[in-house]
Each structure stands twice: as C-alpha cells, then as structure tokens.
Amino acid sequence: MRLLTHNMLASNARGASTGYPLKLQVVKWTTKEAEPNADFLRGMLPKLDWAALVAATHSLGLPGLLPESPPTDAELSADGAADDEGSALRRLHRALLEIHIEEGTLVCPDTERCFPISKGVPNMLLHEDEVRN
Amino acid sequence: MAGGDSAAVSAVEGRLSELSTNSEEKGLPRRGKSSSGRTLNTAQIQLVASHPEVYEPCDDSFALVDALLSDKAQLLTLKPRLCMEIGCGSGYVITSLAIMLRQLGSGTQYLATDINQHAVETTQATLEAHGVHADVIATDIVSGLEKRLHGLVDVVVVNPPYVPTPEEEIECNGIASSWAGGLNGRQVIDRILPAVRELLSERGWLYMIALEDNDPLDICHLMNEKGYASRVLLKRCTEEESLYVLKFWQDAASGTNASHAARSPRSESSWLSQLPFKSLWHKNA
Ligand SMILES: C[S@@+](CC[C@H](N)C(=O)[O-])C[C@H]1O[C@@H](n2cnc3c(N)ncnc32)[C@H](O)[C@@H]1O
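Worth saying up front: this structure is predicted, and the values here are computed from it rather than measured.

Parameters at a glance
- Position numbers for residues start from 1 in each chain and track the written sequence from start to end.
- Lettering for chains starts from A, numbering for ligands starts from 1, and both go in the order in which the items are written.
- Local features are withheld for residues below a pLDDT of 70 in this predicted model, meaning they are given only at 70 or higher, and side-chain atom pairs are given and counted only at 80 or more; totals for whole chains, interfaces and linings count all residues.
- Side-chain metrics rest on all non-hydrogen atoms present in the structure, leaving aside hydrogens and water.
- Helix numbering and strand numbering both begin at the N terminus, where a helix is a DSSP run of H or I of at least 4 residues and a strand a DSSP run of E of at least 2.
- Relative accessibility decides the category of a residue: with a 1.4 Å probe and only protein chains considered, values under 20% of the type maximum give buried, values over 50% give exposed, and everything between is partly exposed.
- Residue contacts are counted whenever heavy atoms from the two residues lie within 4.5 Å of one another.
- Here the quantity called buried area is the total loss of accessible area, with a 1.4 Å probe, experienced by two parts when brought into contact, counted for both.
- One side-chain nitrogen of Lys or Arg within 4 Å of one carboxyl oxygen of Asp or Glu is enough to make a salt bridge.
- We call two N or O atoms a polar contact when they sit within 3.5 Å, provided that within protein one can donate a hydrogen and the other can accept it, with sequence-adjacent residues counted only if both atoms are side-chain atoms.
- By this definition, two strands are paired if DSSP reports at least two bridges between them.
- Axes, fitted as lines to C-alpha atoms, cover a helix only where it is in contact. Angles between the N-to-C directions of the axes lie from 0 to 180 degrees.
- UniProt positions are given in the numbering used here, feature names are shortened, and annotations may be inferred rather than shown by experiment.
- Residues are labelled near a given molecule or strand when at least one of their non-hydrogen atoms is within 4 Å of it.
- Accessible surface area values rest on a Shrake-Rupley calculation with a 1.4 Å probe, where residue burial reflects the displayed protein chains alone.
- When residues are sorted by character, Ala, Val, Leu, Ile, Met, Phe, Trp, Tyr, Cys and Pro go into the nonpolar class, Asp, Glu, Lys and Arg into the charged class, and all the rest, Gly among them, into the polar class.

1. Describing the overall build of chain A
Here's step 1: Within chain A one finds five helices and four strands.
Here's step 2: Going residue by residue from the N terminus, the α and β elements of chain A occur as α-β-α-α-α-α-β-β-β.
Here's step 3: Burial analysis of chain A (133 residues in total) assigns 48% to the buried set.
Here's step 4: Here the analysis covers contacts within chain A between residues at least 6 apart in sequence; of these, 69% occur between residues at least 24 apart.

Here you go:
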C-alpha cells in the first residue's frame, strides 16, 4: 500500500465518527522507483488531505520529505522539476507513489481498532457486529 | 477513434437477447494461449498466482479482459487517473488492465479490493509476477474508500459473484463467496452498483460482467434511472452460461426526457439497438 491509498482510506468501525485519518504504524517499508507524472500529481493535489499525508511521512521517519503546506501548481509544473531530485514534484511523487508500506498497522483515530498491513495489503475487514451502522 | 465516442451513444441499448454486439461468440474462449497480441496485452496465465480458496481465471474473467481489450483505444484516450477492480480474485483482470494501459505510466494508478484474504495475497503475487502495481485492499466491496474516493475513480471493473444460489451461501467464507450471488445472482451486484456510482468520476466508466439469469436489462434500467447509459460490449455463450460484459457511463440524457435524435448513431450495432430500448425507456419515464 502506498500513501496515496492511505490518504483515501478510512475506518468504518462501529463508534468511529470520521475514522480518518488512520494512524500509521510502520514496521517495514520499501521504495520502488517510478517515472513521475506531473499531470497525475497536479490532478490529485486538490483531492489530497495534505495534513494526513504529511503526518504519514512523519510516521515513516521522513519529516523533511514534504513541506507543511501543499506545493502550488506552478511549483509542480516548473521546468526541469521531473529531473531535479529535490523539486516539489519529485518529493510529492516519492511520498505518494514510490513508498510502499509492507508491514504495519493502521489505527482508527476514533476507536483504536487496528487494521493490520501484511505483505503490503491492509486488511480493513470488520466482523458484522463491528461495522458502523 | 475518440474515446468520448462511445459516450455519445445515449441510454440503455436494446433488448439484450436481440442485441447485436461488438463481438458475439459461441463456444469456449481461448484460454489465454492464443494470439501473441493477447499475451502482450494481458496477464499471462502461467504467471497468474493461485490458491485453493481463490477463484481461478475462467470464462468470465477472459470475457471481461477481452471486452477491455476491445475498448483499449478508448481507455488510452480517456487516460484514467484511477482505475479500480472490485473482487479481484487471482488478480488476472486488474493485472491485464495495468498491462494494457502500461503506456500511461504513473499517470494511471490502480486499486483492487476483495473480501477474501487469500485473494488479495494472490492478486498481489500476480501483479508482482508481471511487474505492474496496484494497491490491494482486503475489504467488503469498497468499504473504507467510499468517502475520500467519492467521484475520483475513472474506471471500475467488476466480475462479481453472480451465480444464483441460496442466500446463505453468500455468507460463506472462502471459495463459495467467489460465485455465490444469492437470489437471481443479484445480491452482491445490487450492493456493488450504488457503491460504484459513489466512486465514479463524471467521466468515469464501469465495466461489469452479468449473466442472463441476473437480468442484465433490469441492471441497465436501474443504472439508467440513476443517470447512466450503457451498452453491451461483449456477449459470449458457453455451455453453461450466457455472459455479458456491460459498460456504463454517466449520461446527461439518461433519466430525463432529452432527445436522442440529435445524437448521431455511431455504429450499426448501437443504432439498431437504440430502437427497442426507446419504447422501454418511455414506459419508464
Ligand atoms: C467471480 S470472482 C472474480 C475474480 C476475478 N476478478 C476474475 O475475474 O477472475 C468474484 C470475486 O469477488 C470477490 N467478492 C465476493 N464478494 C465480495 C465483496 N462483498 N467484496 C469484495 N469482493 C467480493 C470474491 O472473493 C471473488 O474473488
């Protein structure tokens, strides 16, 4: 699971109000390189919960990866951004799409219900009596 | 041909039993070992992971992938940002989609869900064996994603559990839940459709398998009432079942009394099939 998906995922456990954002406890993560795509990132940017994304990078021990406030469209479109390792584009790309969480736990912020991540797959399944009405 | 083309055809098209479709075939489909074009564009059967509790790629899986292949040019033009499979099983379908659209690179990202824990692991292994990636989640339909992914998904593909069975069988864990569809095979389908409508973007497309027994025309009607047009991309008859691959998209004219006359018929099949539908549609309007 990448942080893109973490940004989109909430807990439906009974008793949760928003169930979002899920706290991330990481045991193991890896990086897999991919070509950045500026269009994708510009399109996704307004849909992201920036604070949740930044918090997720912090829980990975990467506090410097993303700035506290989201990059602007112009920053993401800047000439040469795709080739410059330190550019806003590259950093966002890395945070959203290159980091893969392999083992860990997602914790519901409201109920503390734990959802394990095993072999890269989060398990959000709830027993019938646990599901929010 | 432009990707928007198929979206120009409005409303549910035709009485399914009389419909002439893009590709109507009899007999068993090729088991993934046919033309090289197919192997280049789809997952390779020998690389698809398996598990005794996970649905193996079967006639329905092949039909869905063939339908996606027939729509590949449109999909490439659509440039979907997010694609999603619900009920990914072995991973054959989502892997094939990712391979088909490989040239879109990081511009297209993939998600896949299944309620069966063995299935999500199997899908993960199949994706890895082909060097493509999707974020795989064990969940009921799209539970947990419905709020934040609202209106963001451009392509949804589903090969649902569609076999008519006693209701109880749906509750079974493991392999039975791959096919058990309850009354008319519609019980899970009828939970999937509203969930998909929540996730699809305005320009989004849904590709779904249905069986004759599922009453595909009724499915198209229900979707039409919610503003979706549809068409049969592929019909395939095997010894046991008649399979349809249905494609749905949002259409301003659906569910209203807007005129269809202004729309130019795109192909003979869609033109022919618009006629029988019109009467049905007016009955409902
Ligand atoms: C007919 S199989 C299709 C598998 C695979 N997509 C293919 O085409 O070969 C249906 C899949 O849906 C999954 N499924 C059944 N009910 C589900 C639910 N409520 N939520 C998510 N997946 C479900 C089953 O576990 C099974 O893997």
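2. Concerning the interface of chain B and chain A
Here's step 1: Contact with chain B, which involves 28 residues of that partner, is made by 32 residues of chain A.
Here's step 2: Roughly 2,500 Å² of surface becomes buried between chain B and chain A when both sides are summed, with 54% attributable to carbon and sulfur atoms.
Here's step 3: Looking only at chain B, the three residues that lose the most surface to chain A are Arg81, Ser106 and Arg148 of chain B, adding up to 25% of its buried area.
Here's step 4: In this structure, the connection of chain B to chain A is made through two salt bridges.
Here's step 5: Of the charged contacts in the structure, one is a salt bridge between Glu121 of chain B and Lys119 of chain A, with a shortest N-O distance of 3.5 Å.
Here's step 6: Viewed at the interface, chain A and chain B are joined by 16 residue pairs in polar contact (both at pLDDT 80 or more).
Here's step 7: Mapped by element, the contributors of at least two residues to the side of chain B that touches chain A are β3 (109–114), α5 (117–129) and β4 (135–138) of chain B.

3. A closer look at the pairing of strand β3 (residues 114–118) of chain A
Residue and element names in this part refer to chain A.
Here's step 1: The alternating pattern of β3 places Phe115 and Ile117 on a buried face, while none of Cys114, Pro116 and Ser118, on the opposite face, is buried.
Here's step 2: Sheet topology places strand β2 (residues 99–107) next to β3; four bridges connect them, and they run antiparallel. Residue Leu106 lies in a different strand from β3, and its bridge partner there is Phe115.
Here's step 3: Where β2 hands over to β3, the hairpin turn is made up of six residues, of which Glu112 adopts a positive phi near 70 degrees.
Here's step 4: In the sheet, β3 pairs with strand β4 (residues 121–122) via two bridges, with the strands oriented antiparallel. Residue pairing for β4: Ile117 is matched across the bridge by Pro122.
Here's step 5: Between β3 and β4, which follow one another and run antiparallel, lie two residues, and Lys119 among them has a positive phi close to 50 degrees.

4. Things to note about the sheet that holds β2 of chain A
All names here are of chain A.
Here's step 1: In space, the four strands of this open sheet follow the order β1-β2-β3-β4, with antiparallel pairing throughout. A strand with exactly one partner marks an edge of an open sheet, and here the two such strands are β1 (23–31) and β4.
Here's step 2: Contacting β1 and β2, helix α5 (residues 88–98) runs over the sheet at an angle of about 65 degrees to β2.

5. Describing the UniProt feature "domain: Methyltransferase small" (unreviewed entry) in chain B
Here's step 1: UniProt annotation of "domain: Methyltransferase small" (unreviewed entry) refers to residues 81–163 of chain B when read in the numbering used here.
Here's step 2: Secondary structure across residues 81–163 of chain B divides into 27% helix and 25% strand, with the first and last C-alpha atoms of the span separated by 32 Å.

6. So, the site of the ligand
Residue and element names in this part refer to chain B.
Here's step 1: Around the ligand, the surrounding shell holds 18 residues, and the nearest of these are Ser61, Glu85, Asp114, Asp140 and Ile141.
Here's step 2: Residue Asp114 places a side-chain N or O atom 2.6 Å away from an oxygen atom belonging to the ligand.
Here's step 3: In this structure, Ile141 approaches the ligand through a main-chain N or O atom, which is 2.8 Å from a nitrogen atom.
Here's step 4: Burial of the ligand by the surrounding chains reaches 97%, relative to a free accessible area of 590 Å².
Here's step 5: Of the residues contributing to the shell around the ligand, the split by class is seven nonpolar, eight polar and three charged.

7. Examining the pairing of strand β5 (residues 153–158) of chain B
Taken residue by residue, a regular strand's side chains alternate between the two faces of the sheet.
All names here are of chain B.
Here's step 1: Of all six residues in β5, six are buried, a share of seventy percent or more.
Here's step 2: Pairing of strand β2 (residues 82–86) with β5 involves four bridges; the strand directions are parallel. Directly across from Glu85, in β5, lies its bridge partner Val157.
Here's step 3: Taken together, the five bridges between β5 and strand β6 (residues 200–211) define a ladder with parallel strand orientation. The partner of Val156 across the bridge, within β6, is Leu206.

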